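For reference, the chains in residue letters:
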Amino acid sequence: MSTTWQDEIAAETRGGGRISDRFIVDKVREAVLTQRLPPGTRLPEVALGDIFGVSRSVVRKALTRLAADHVVSQQPNQVARVRAPSIEETRETFSARRLVEGEVAALLAGRLDEARLATIALRVEQEAAAHARGDEAARIENSLAIHHLLAEHSPNRVLGAMLTDLILRTSIVIALYKRAGLTSCYLAEDHPALLAHLRSGDGEAARTCIHDHLQALEGLLDLSTRETRIDLMAILGQRETASP
């Protein structure tokens, strides 16, 4: 069962604890990964301090961490923003991820035990179920989990770390450039096919599957920016809005 932001805050502060900059980093990163916090969104220190109930110094530490992880952009004397990669960077990001994740998938084919394969299979099923019921946030969460599992279990830890970074960067550019009116980037056959190749041990087929999957995702982008009004409290605070 998912918890509300208020429940998470209560859990953090129970027993005299305080909200840490790491907690803020995780919340913002999660919102970016699930595409609820689009690129270009302003992240004022005062607003974030009010949302999380912390001082501006804690917020600054969090923003510094997020900038180091390429999640936000910071310029002197300017409000931090969620990064908005250029079209050129978007293409480079997909190209890099195809190379890295394709290699990771090829290395993993035939090397995952049944428990890990079952974990991936469950995520594949949950992604399909979320799409069927129209829960896009849950679909994205499960889709990301599949790719993060590849990164986590990569036999080459350097490639795994690179893939983790590229997954985040790709999520940002998809949020920025997804075609207007496109409700979902769900590609129904891709993850089941990947799972089958991982199970069978066909490394080249797994590599090709990843390449085709990422090529198809890139094809869903319109590579033109759009401006959106964002309610930080609604996104990061997860507070329900009153019915009109």
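Residues numbered from 1 in each chain as written. Predicted model: local features only at pLDDT ≥ 70, side-chain atom pairs only at ≥ 80, totals over all residues. Heavy atoms only, no water.

1. Digging into the nonpolar core
Inference 1: Ranked by internal contacts, the top residues of the largest apolar core, which has 61 residues, are F52, I120 and L150.
Inference 2: Considering every element that reaches this core, the biggest residue donor is helix α8 (residues 157-177), with 10 residues.
Inference 3: Those residues in contact with I120, other than ones at most four positions away along the chain, are L112, I146, L149, L150, L195 and L198. (Core = buried A, V, L, I, M, F, W, Y, C linked by side-chain atoms within 4.5 Å. Buried < 20%, exposed > 50% of the residue type's maximum accessible area, 1.4 Å probe, protein only. Helix = DSSP H or I, 4+ residues; strand = E, 2+ residues; numbered from the N terminus. Contact = heavy atoms within 4.5 Å.)

2. As for the packing of helix α5 (residues 87-108) against helix α10 (residues 203-219)
Inference 1: One way to put it is that α5 packs onto α10 with a least axis distance of 8 Å and a crossing angle of 160°. Viewed along their axes, α5 and α10 adopt a mutual orientation that is roughly antiparallel. Seen from above, α5 lies across α10 with right-handed handedness. Judged by residue contacts, R91, F94, R97, R98, E101, G102, E103, A105 and A106 of α5 engage G203, A206, R207, I210, H211, L214, Q215, L217 and E218 from α10.
Inference 2: When grouped by side-chain class, the residues that make up the contact of α5 with α10 number 7 nonpolar, 4 polar and 7 charged. (Axes fitted to C-alpha atoms, helices over the stretch in contact; angles between N-to-C directions. Parallel < 35°, antiparallel > 145°, perpendicular 65-115°, else oblique. Left-handed = near helix turned anticlockwise from the far one by under 90°. Nonpolar A, V, L, I, M, F, W, Y, C, P; charged D, E, K, R; others polar.)

3. A short note on empty space enclosed by the protein
It is a probe the size of a water molecule, rolled over the atoms, that shows where empty space is left.
Inference 1: Per the stated rule, a full pass over the model turns up 1 cavity of 30 Å³ or more.
Inference 2: Of the volumes computed, that of the largest cavity is approximately 210 Å³.
Inference 3: Lining the largest cavity are 18 residues; nearest its centre among them are Q35, S143, L144, I174 and L217.
Inference 4: Residue assignment for the lining of the largest cavity shows that the elements contributing at least two residues are α7 (136-153), α8 and α10.
Inference 5: Among the elements that make up the lining of the largest cavity, the one with the highest residue count is α7 (5 residues).
Inference 6: For the lining of the largest cavity, the residue count by class is 8 nonpolar, 7 polar and 3 charged. (1 Å grid on protein atoms, 1.4 Å probe; cavity = no way out; pocket = protein on both sides within 12 Å on 5 of 7 lines; lining within 4 Å. Points joined across faces, edges and corners; volume = space filled by probe spheres on them.)

4. Here's the deal with the side chain of H191
Inference 1: Mapped onto the elements, H191 comes out in helix α9 (residues 190-200).
Inference 2: Within polar-contact distance, the side chain of H191 engages the side chain of H147 at 2.9 Å. (Polar contact = N/O pair within 3.5 Å; in protein donor to acceptor, adjacent residues only side chain to side chain.)

5. Looking at the packing of aromatic side chains
Inference 1: Considering all chains together, one arrives at 1 aromatic pair under this definition.
Inference 2: Ring centres of F23 and F52 lie 6.1 Å apart, and the angle between their planes is 90°; this geometry places the pair in the edge-to-face category. You can see F23 sitting in helix α2 (residues 21-33) and its partner F52 sitting in helix α3 (residues 45-52), a full 29 residues away along the chain. There is no split in this pair, since F23 and F52 are both buried. (Phe/Tyr/Trp six-rings, centres within 6.5 Å; stacked < 30°, edge-to-face > 60°.)

6. A word on the packing of helix α6 (residues 114-132) against α7
Inference 1: Relative to each other, α6 and α7 sit at 160°, their axes nearing to 7 Å. Relative to α7, the element α6 is oriented roughly antiparallel. Where α6 crosses over α7, the handedness of that crossing is left-handed. Contacts from R116, T119, I120, R123, V124, Q126, E127, A130 and H131 of α6 reach α7 at A138, R139, E141, N142, S143, A145, I146, L149, L150 and H153.
Inference 2: Of the residues contributing to the contact of α6 with α7, the split by class is 8 nonpolar, 6 polar and 5 charged.

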